Amino acid sequence: MGQLRPGHVIVIVLCAVAGFAVLTFAADTLLNRETAPAVPKVDMVAQARRMASDGLEDANDFGCRPREGSPYPVILVHGAKSTGAVTWPVAAPYLSKQGYCVFALDYGWSNSIRDSAQVLEIFVEGVLQATGAEKAAIVGHSLGGIVPRAYMRLEGGAGKVSELITLGAPHHELTGELRKSCGWETVCDELRSDSPLMKELNDSSMVEDGVSYTALGLKAEQEAASTFVDGPKEQVTNRMLQDDCPLKGLVEGALGHNLETLDPVMLSYVNKALESPGPLPRGYRPDCFALIL
């Protein structure tokens, strides 16, 4: 073999140095990987506890475990200008007595619907982590029926929801009068039928695969917006209270948008939908004169 020239020697030395540097870096990386502290797991249950509605009887027991026959915890979502304690003082204890683990949160309703959906996402994760359930059933009033839809479509939450039951939710065909009565918060502008967010929720399809929908409403509410959801009949049931109970709401002020979450018939719809596979059975007819839950 011929003698190595000076240039060859320099190349060999540089390659050796580079190789040593690579080996040193790899060893250092492996060492750090073994010794670096693990990233702490976020305590979603603690976060959900902080969001839970105060002063609501028989709700937000994070030690509750779903019973056989009611495997999914029920999460109650209030509407605009309200709180969980104001919206669900009858529904929470009623559903709890039916055997459900009931949870309710307070969220910044005046923020964007997307922001509220992200808050709901944290709460759902905390509830599922606490109860050990794979999915939750969500019951939402008014705006509280739109926020879960945004959570499912925009935040990827559909796989965590078994069914959505809405009461008086303005799903589409909103009028200018409703926006005016809502106010000038961000959320009120987003509720316009032609807003980018509502188009994203309603265009092409209003429903998510694997989720059942029961959409409840009052006759008077249809003057402001449609409370119904468009979708396959095996996945969606729409029901107007007056179709079953014509006498309900005849006395002005006796039953309106803000009082429907207290009404025994509306809550009987909710309970029937929760206990039945899929949405509210189309053949179900409530006791229109029920007074005691």
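Structure report, in brief.

Criteria and thresholds
- Residues numbered from 1 in each chain as written.
- Predicted model: local features only at pLDDT ≥ 70, side-chain atom pairs only at ≥ 80, totals over all residues.
- Heavy atoms only, no water.
- Core = buried A, V, L, I, M, F, W, Y, C linked by side-chain atoms within 4.5 Å.
- Buried < 20%, exposed > 50% of the residue type's maximum accessible area, 1.4 Å probe, protein only.
- Helix = DSSP H or I, 4+ residues; strand = E, 2+ residues; numbered from the N terminus.
- Disulfide = S-S within 2.5 Å.
- Salt bridge = Lys/Arg side-chain N within 4 Å of Asp/Glu carboxyl O.
- Pairing = 2+ DSSP bridges.
- Axes fitted to C-alpha atoms, helices over the stretch in contact; angles between N-to-C directions.
- Contact = heavy atoms within 4.5 Å.
- Phe/Tyr/Trp six-rings, centres within 6.5 Å; stacked < 30°, edge-to-face > 60°.
- Expected span 1.5 Å × (residues − 1).

With 51 residues, the main nonpolar core has F62, I75, I113, L120, F123 and L143 as its most contacted residues. It is helix α5 (residues 113-131) that provides the largest number of residues to this core, a total of eight residues. One finds L76, A137, L216 and L255 within the second-largest nonpolar core, a separate group that totals 30 residues.

Further remarks concern the state of the cysteines. Under the defined criterion, the tally for this structure stands at two disulfides. There is a disulfide in this structure between C245 and C288, and the S-S distance comes to 2.0 Å. The chirality of the disulfide connecting C245 with C288 is left-handed, given an S-S dihedral of about -80°. Of this pair, C245 sits in the loop between α10 (241-244) and α11 (264-275) while C288 sits in the segment after α11, and the two are 43 residues apart along the sequence. Residue C245 is classed as buried on the basis of its relative accessible area of 2%.

This paragraph deals with the pattern of salt bridges. For the structure shown, the criterion picks out nine salt bridges. When the shortest N-O distance is used, the salt bridge between D194 and R192 registers 2.3 Å. Classification of D194 as partly exposed rests on a relative accessible area of 48%. Assessed through its relative accessible area of 27%, R192 is described here as partly exposed. One salt bridge connects K248 with D263, and the closest N-O pair in it is separated by 2.7 Å.

Hydrogen bonding along the main chain pairs the strands of a sheet, whether they run parallel or antiparallel. If you walk across this open sheet you meet the six strands as β2-β1-β3-β4-β5-β6, and the pairing is parallel. Each edge of the sheet is formed by a strand with only one pairing partner; in this case those strands are β2 (102-105) and β6 (236-240). Pairs of neighbouring strands in the sheet enclose a mean axial angle of 15°, with direction left out of account. Relative to β6, strand β5 (residues 212-217) is paired through five bridges, and the arrangement is parallel. Each residue of the ladder has a partner; that of Y213, found in β6, is V236. Of the strands in this sheet, β1 (74-77), β2 and β3 (136-141) touch α5, which is tilted by about 155° from β2. Running over the sheet, α11 touches β1, β3, β4 (161-167), β5 and β6 and is turned about 165° from β4.

Applying the stated criterion across every chain yields a total of two aromatic pairs. Both rings, one in Y269 and one in Y284, keep their centres 6.3 Å apart while their planes meet at 75°; by these two values the pair is edge-to-face. Of this pair, Y269 sits in helix α11 while Y284 sits in the segment after α11, and the two are 15 residues apart along the sequence. Across the pair, Y284 and Y269 agree in class, each one buried.

What is expected of a backbone is that most residues other than glycine have negative phi and most peptide bonds are trans. A positive phi angle, close to 60°, is found at D58, a residue other than glycine. For D58, the location among the structural elements is in the loop between α2 (44-51) and β1. One non-glycine residue with positive phi stands out, namely K81, at about 60°. Inspection of the secondary structure puts K81 in the loop between β1 and α3 (84-87). For K81, a relative accessible area of 53% corresponds to the exposed category.

Time to look at α5. Over its 19 residues, α5 extends 26 Å from the first C-alpha to the last, a length consistent with the 27 Å expected when each residue adds 1.5 Å. Taken as a whole, α5 has its buried residues at I113, S116, A117, L120, F123, V124, G126, V127, L128, A130 and T131. Two residues or fewer past α5, G132 is found with a positive phi of approximately 80°.

Turning our attention to the environment of S205. Mapping S205 onto the fold places it in the loop between α9 (196-202) and β5. Taking relative accessible area as the criterion, S205 reaches 28% and is therefore assigned partly exposed. In sequence terms S205 and G231 are 26 residues apart; their C-alpha atoms lie 7.4 Å from each other.

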